[in-house]
Amino acid sequence: MELGLENKSFVVGGASSGLGRAVAEQLVEEGARVLLVARSEDAIEEVARELGERADQCVADVSHASGVDKVATVAIDRFGTLDGVLVNAGGPPFGPALELTDEQWLDAFRLLLGGPVRLLRTLVPQMNDGASVLFITSSSVREPIQGLDASNVLRPGVAALVKCLAKELGPRVRVNSMAPGRIDTARSRSLDEARAQDFGISTEEQQRNVSEGIPLGRYGEPAELGRAAAFLLSPAASYITGVSLQVDGGLVSAVP
């Protein structure tokens, strides 16, 4: 399938590793230009070198207004207009709801909702007709994950924001989200290590136990999510908006 991404321009959040990097790699492979956004200068420089001339970089923390302003300035300077944005950032802190501090809750809100709203408020006016916004959320939008209550509470709010924005920004801009399950990233490995310690088992055994509950029998690879994301961001998905796509190997079986 031809995705129609040649020379399209995208801002990709959380691009220094994991899912953000996987999406950026796929967009570049399809011929798009990307602005890689992350907080770590060393990490994002390395990714930009590996992706080559179609990748630019911007070191910024978009949970703060100054970071949003920087991304907007750099994006417009590099591209002029935009064809899409991947809204993605590291996950909120681990922990049960009542053990998280007020500051942790506020930081999680800024990371998952406040910062993205501010970013899109700034970038949407610079988007071309037919542009696309894609949020990376989590399987927690459908089913709570033990020990990740900040995500369990706020990620469904992100999914609701996607529905609101799809109505508000259509027909000019499409807005969707992806809800990954157990993808083999550093965050998933960190969660497995913490669970393994709680259960008194090895990390490998914990991963096997989790895999047994996934119909496809394994963790996903970041590239598998990257390919699905590139499709949703592309003109090939021109009649898809307001959707939350599960990329979880069948992990979440809740209906609807």
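Heads up: these notes are all about the structure in this document. Fair warning: this is a prediction, and the values are worked out from it, not measured in the lab. (Residues numbered from 1 in each chain as written. Predicted model: local features only at pLDDT ≥ 70, side-chain atom pairs only at ≥ 80, totals over all residues. Heavy atoms only, no water.)

1. Describing the overall build of the protein chain
Turning to step 1, where the next piece is worked out: Per the secondary structure count, the protein chain includes eight helices and seven strands.
Turning to step 2, where the next piece is worked out: Relative to the compact-globule value of 18 Å for 256 residues, the protein chain shows a C-alpha radius of gyration of 18 Å, a close match.
Turning to step 3, where the next piece is worked out: Each principal axis of the C-alpha atoms in the protein chain carries an extent, and together these give about 55 × 45 × 40 Å.
Turning to step 4, where the next piece is worked out: Scored against the burial criterion, the 256 residues of the protein chain give a buried share of 48%.
Turning to step 5, where the next piece is worked out: Surface exposure of the protein chain reaches about 12000 Å², of which carbon and sulfur atoms provide 51%.
Turning to step 6, where the next piece is worked out: Each charge class in the protein chain was averaged separately, 24 positive and 34 negative side chains, and the resulting centres sit 5 Å apart. (Helix = DSSP H or I, 4+ residues; strand = E, 2+ residues; numbered from the N terminus. Rg over C-alpha atoms; globule rule 2.2 N^0.38 Å. Buried < 20%, exposed > 50% of the residue type's maximum accessible area, 1.4 Å probe, protein only. Areas by Shrake-Rupley, 256 points an atom, 1.4 Å probe, with all protein chains shown as cover. Lys, Arg positive; Asp, Glu negative; His and termini not counted. Charge placed at Lys NZ, Arg CZ, Asp CG, Glu CD.)

2. A word on helix α8 (residues 222–233)
Turning to step 1, where the next piece is worked out: For α8, which comprises twelve residues, the first-to-last C-alpha distance of 16 Å matches the rise-based estimate of 16 Å (1.5 Å per residue) to within 8%.
Turning to step 2, where the next piece is worked out: Taken together, the buried residues of α8 touch β1 (9–12), α1 (18–29), β4 (82–87), β5 (127–136), β6 (173–180) and β7 (244–247). (Expected span 1.5 Å × (residues − 1). Contact = heavy atoms within 4.5 Å.)

3. Notes on the environment of Val252
Turning to step 1, where the next piece is worked out: Mapped onto the fold, Val252 is located in the segment after β7.
Turning to step 2, where the next piece is worked out: Looking at Val252, the relative accessible area reads 9%, which means it is buried.
Turning to step 3, where the next piece is worked out: Measuring from C-alpha to C-alpha, the distance between Val252 and Ala179 comes to 9.9 Å, with 73 residues separating the pair along the chain.
Turning to step 4, where the next piece is worked out: What Val252 contacts, discounting residues up to four positions off in sequence, is Ser139, Arg142, Glu143 and Gln246.

4. Comments concerning the nonpolar core
Turning to step 1, where the next piece is worked out: Counting 37 residues, the largest nonpolar core has Val11, Val85, Leu120, Met127, Phe135 and Val175 as its most contacted members.
Turning to step 2, where the next piece is worked out: When contributions to this core are tallied by element, the ones reaching two or more residues are β2 (33–38), α3 (65–79), β4, α4 (102–123), β5, α5 (149–169) and β6.
Turning to step 3, where the next piece is worked out: Core analysis: the next-biggest nonpolar cluster, separate from the first, contains 32 residues, Leu3, Leu5, Val12 and Leu225 among them. (Core = buried A, V, L, I, M, F, W, Y, C linked by side-chain atoms within 4.5 Å.)

5. Examining the packing of α3 against α4
Turning to step 1, where the next piece is worked out: Contact geometry of α3 with α4 gives a least axis separation of 10 Å together with a crossing angle of 30°. Taken as a pair, α3 and α4 cross one another with a handedness that is right-handed. Between α3 and α4, the contacting residues are Ala65, Val68, Val71 and Ala72 on the first element and Gly115, Arg118, Leu119, Thr122 and Leu123 on the second.
Turning to step 2, where the next piece is worked out: Split by residue class, the contact of α3 with α4 holds six nonpolar, two polar and one charged. (Axes fitted to C-alpha atoms, helices over the stretch in contact; angles between N-to-C directions. Left-handed = near helix turned anticlockwise from the far one by under 90°. Nonpolar A, V, L, I, M, F, W, Y, C, P; charged D, E, K, R; others polar.)

6. A short note on the side chain of Asp248
Turning to step 1, where the next piece is worked out: Along the chain, Asp248 falls in the segment after β7.
Turning to step 2, where the next piece is worked out: A polar atom in the side chain of Asp248 sits 2.9 Å from the backbone nitrogen of Gly250.
Turning to step 3, where the next piece is worked out: Polar contacts involving the side chain of Asp248 include one to the main-chain amide nitrogen of Val252, which spans 3.1 Å. (Polar contact = N/O pair within 3.5 Å; in protein donor to acceptor, adjacent residues only side chain to side chain.)

7. A closer look at the sheet that holds β4
Turning to step 1, where the next piece is worked out: An order of β3-β2-β1-β4-β5-β6-β7 is seen for the seven strands of this open sheet, with the pairing classed as parallel. If you trace the sheet from one side to the other, it starts and ends with β3 (55–59) and β7, each paired once. Geometrically, the sheet is characterised by an average inter-axis angle of 20° between neighbouring strands, direction not taken into account.
Turning to step 2, where the next piece is worked out: Bridge analysis of β2 against β3 gives five bridges, and the strand direction is parallel. Bridge assignment links Leu36 to a residue of β3, and that residue is Gln57.
Turning to step 3, where the next piece is worked out: Its contacts with the sheet put α8 on β1, β4, β5, β6 and β7, and the angle it makes with β6 is roughly 165°. (Pairing = 2+ DSSP bridges.)

Such coordinate-based values are descriptive only and should not be taken to indicate function.
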